[in-house]
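Structural overview for review
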Amino acid sequence: MTGRTGHQEPLSNEQRYGDELRRRREAAGLTQAELAERIVCSPSLIAHYEAGRRTPSHADAQRLDQVLGTDGFFTRWRKTLTKARFAEHFQEAAEQEQLAVFIEEYAVSLVPGLLQTEGYARAVLKVGKPNYTTADLDKKVVNRLERARILETPDSPTVWVILHETVIRTVVGGPAVMSEQLRHITELGRTGRIMVQVVPFSVGAHPTLSSMLSLMRFTDAPDMAYVEALHTGSLTDDPSLVRRYRDAYDLTRAAALPPEASLDLIESVAEDYGNHERPPHP
């Protein structure tokens, strides 16, 4: 790639990473297809890595080091490629979220970050760090809201969200914030940008009750699952574990209200908040 002066533009860090990967692969006598087979991904994903169009996941970088005998080189270098914008335990999941073609989430207590409004996000992030500064809080809010831009593009991923009823009845930021937040969710649902279901209190115990869960599907990489608890999270592409998470998610989806009934419930609760009432526990 050249600029108007005819001089070659400097390579980005991602492109340098990809060049080094290509050089090490060729030195090992492997084709892209052979390397892909050994680290369990598609040849097109290796091509993306080598062109600097995508950054390997932490797990893929570890497998590259193992197959190529590079003693942690690609794993260590990967950490320098992207500037952290989120909590350390969520950073890689946030990167993968932007590349997914299908995202399924289960939320047990809070509205998922992809769907949060500014007021709701600010209320959540504020209580997470009581000694916050205004500038730091503003930065965190902007970072969270920028994640949702993937819902606005023509090639946006398919997003399916299951909310436990606790999510819509826990007052975060006050009735006005909750009303705005729930109306935002119903607008996304009514316009077809997301699918939404609610697990009502009456269902009782169900497979995903104890944790939030996000499942991500890609065109050229293995499915991934992310689970999160307080100040910690885990991202995996282990096929057997992802399959178990998938089974739990599907059982929860079967127990939830149908999408239309779910949107009706969310709209009803939003209306109660709009009237400055605390929606009663059913």
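Residues numbered from 1 in each chain as written. Predicted model: local features only at pLDDT ≥ 70, side-chain atom pairs only at ≥ 80, totals over all residues. Heavy atoms only, no water.

**Topic: the overall build of the chain**
- In terms of regular secondary structure, the chain is built from 12 helices and six strands.
- Along the three orthogonal principal directions, the C-alpha set of the chain runs to about 65 × 45 × 35 Å.
- Residues counted as buried form 44% of the 282 residues belonging to the chain.
- In the chain, of all internal contacts separated by at least 6 residues, the share reaching a separation of at least 24 is 68%.
- Summing over all exposed atoms, the chain offers an accessible surface of approximately 14,600 Å²; the carbon and sulfur share of this is 52%.
- Here the chain holds 33 positive side-chain charges and 39 negative ones, and the gap between their average locations is 5 Å. (Helix = DSSP H or I, 4+ residues; strand = E, 2+ residues; numbered from the N terminus. Buried < 20%, exposed > 50% of the residue type's maximum accessible area, 1.4 Å probe, protein only. Contact = heavy atoms within 4.5 Å. Areas by Shrake-Rupley, 256 points an atom, 1.4 Å probe, with all protein chains shown as cover. Lys, Arg positive; Asp, Glu negative; His and termini not counted. Charge placed at Lys NZ, Arg CZ, Asp CG, Glu CD.)

**Some details on the pairing of strand β2 (residues 158-164)**
- Taken across its seven residues, β2 has six buried, putting it largely inside the fold.
- Bridge count for strand β1 (residues 102-107) against β2 is six bridges, and the pairing is parallel. Looking across to β2, one finds that Tyr106 is bridged to Ile162.
- Inspection of the sheet shows β2 paired to strand β3 (residues 195-199) by five bridges, in the parallel sense. Paired with His164 across the strands is Val199, a residue of β3. (Pairing = 2+ DSSP bridges.)

**With respect to the environment of Pro157**
- Counting through the fold element by element, Pro157 comes out in the loop between α8 (134-147) and β2.
- Between the C-alpha atoms of Pro157 and Ala270, which are 113 residues apart in sequence, the distance is 26 Å.

**Comments concerning the environment of Leu110**
- Among the secondary structure elements, Leu110 is positioned in the loop between β1 and α7 (118-128).
- Classification of Leu110 as partly exposed rests on a relative accessible area of 38%.
- Each C-alpha atom, one on Leu110 and one on Thr170, is 8.0 Å from the other, the two residues being 60 residues apart in sequence.
- Leave out the neighbours within four places in its chain, and Leu110 touches Tyr120, Val124, Val167 and Val172.

**Quick look at the environment of Ile194**
- Topologically, Ile194 is positioned in the loop between α10 (175-190) and β3.
- Ile194 sits in the buried class, given a relative accessible area of 2%.
- Once you skip the residues sitting within four places of it in the chain, Ile194 turns out to touch Leu115, Leu151, Val159, Ile185, Leu188 and Gly189.

**Looking at the sheet that holds β2**
- Taken together, six strands build an open sheet; the order of strands is β3-β2-β1-β4-β5-β6 and the sheet is mixed. Strands at the two margins of the open sheet, each flanked by one partner only, are β3 and β6 (232-236). Neighbour-to-neighbour, the strand axes of the sheet open up by a mean angle of 10°, direction not taken into account.
- Of the strand pairs in this sheet, β1 and strand β4 (residues 212-217) are connected by five bridges, and their pairing is antiparallel. (Axes fitted to C-alpha atoms, helices over the stretch in contact; angles between N-to-C directions.)

**Here's the deal with the nonpolar core**
- Grouped together as the largest cluster of nonpolar side chains are 50 residues, with contacts concentrated most on Leu35, Leu115, Leu163, Leu182, Ile185 and Ile266.
- When residues in this core are grouped by element, the largest group, six residues, is from helix α12 (residues 259-274).
- Excluding residues within four positions of it along the chain, Leu115 makes contact with Leu151, Val161, Gln181, His184, Ile185, Leu188 and Ile194.
- By size, the runner-up hydrophobic cluster in this structure holds 12 residues, among which are Phe102, Tyr106, Ala225 and Val242. (Core = buried A, V, L, I, M, F, W, Y, C linked by side-chain atoms within 4.5 Å.)

**Observations concerning the pairing of β4**
- Among the six residues in β4, five count as buried, and that is most of the element.
- Pairing of β4 with strand β5 (residues 224-229), which is carried by five bridges, proceeds in the antiparallel orientation. Bridging from a neighbouring strand, Met212 pairs with Glu228 of β5.
- Counting the residues that bridge the hairpin from β4 to β5 gives six residues.

**A look at the pattern of salt bridges**
- Tallied over the entire structure, the rule returns 21 salt bridges.
- Where Arg63 meets Asp237, a salt bridge forms, and the shortest distance between an N and an O atom there is 2.6 Å. Of the two residues, Arg63 is situated in helix α4 (residues 58-68) and Asp237 in the loop between β6 and α11 (239-255); the sequence distance between them amounts to 174 residues.
- Exposure remark for Arg63: the relative accessible area of 22% places this residue in the partly exposed category.
- Overall, the relative accessible area of 11% leaves Asp237 in the buried class.
- Close ionic contact of Arg78 with Glu95 constitutes a salt bridge, the shortest N to O distance being 2.8 Å. In this pair, Arg78 sits in helix α5 (residues 73-78) while Glu95 sits in helix α6 (residues 88-97), placing the two residues 17 residues apart along the sequence.
- Here Arg78 falls in the buried class, since its relative accessible area comes to 8%.
- A relative accessible area of 16% means that Glu95 is categorised as buried.
- Salt bridges linked by common partners bring Arg22, Arg25, Glu26 and Glu50 together as one network. (Salt bridge = Lys/Arg side-chain N within 4 Å of Asp/Glu carboxyl O.)

Read these as layout, nothing more, since geometry by itself doesn't imply function.
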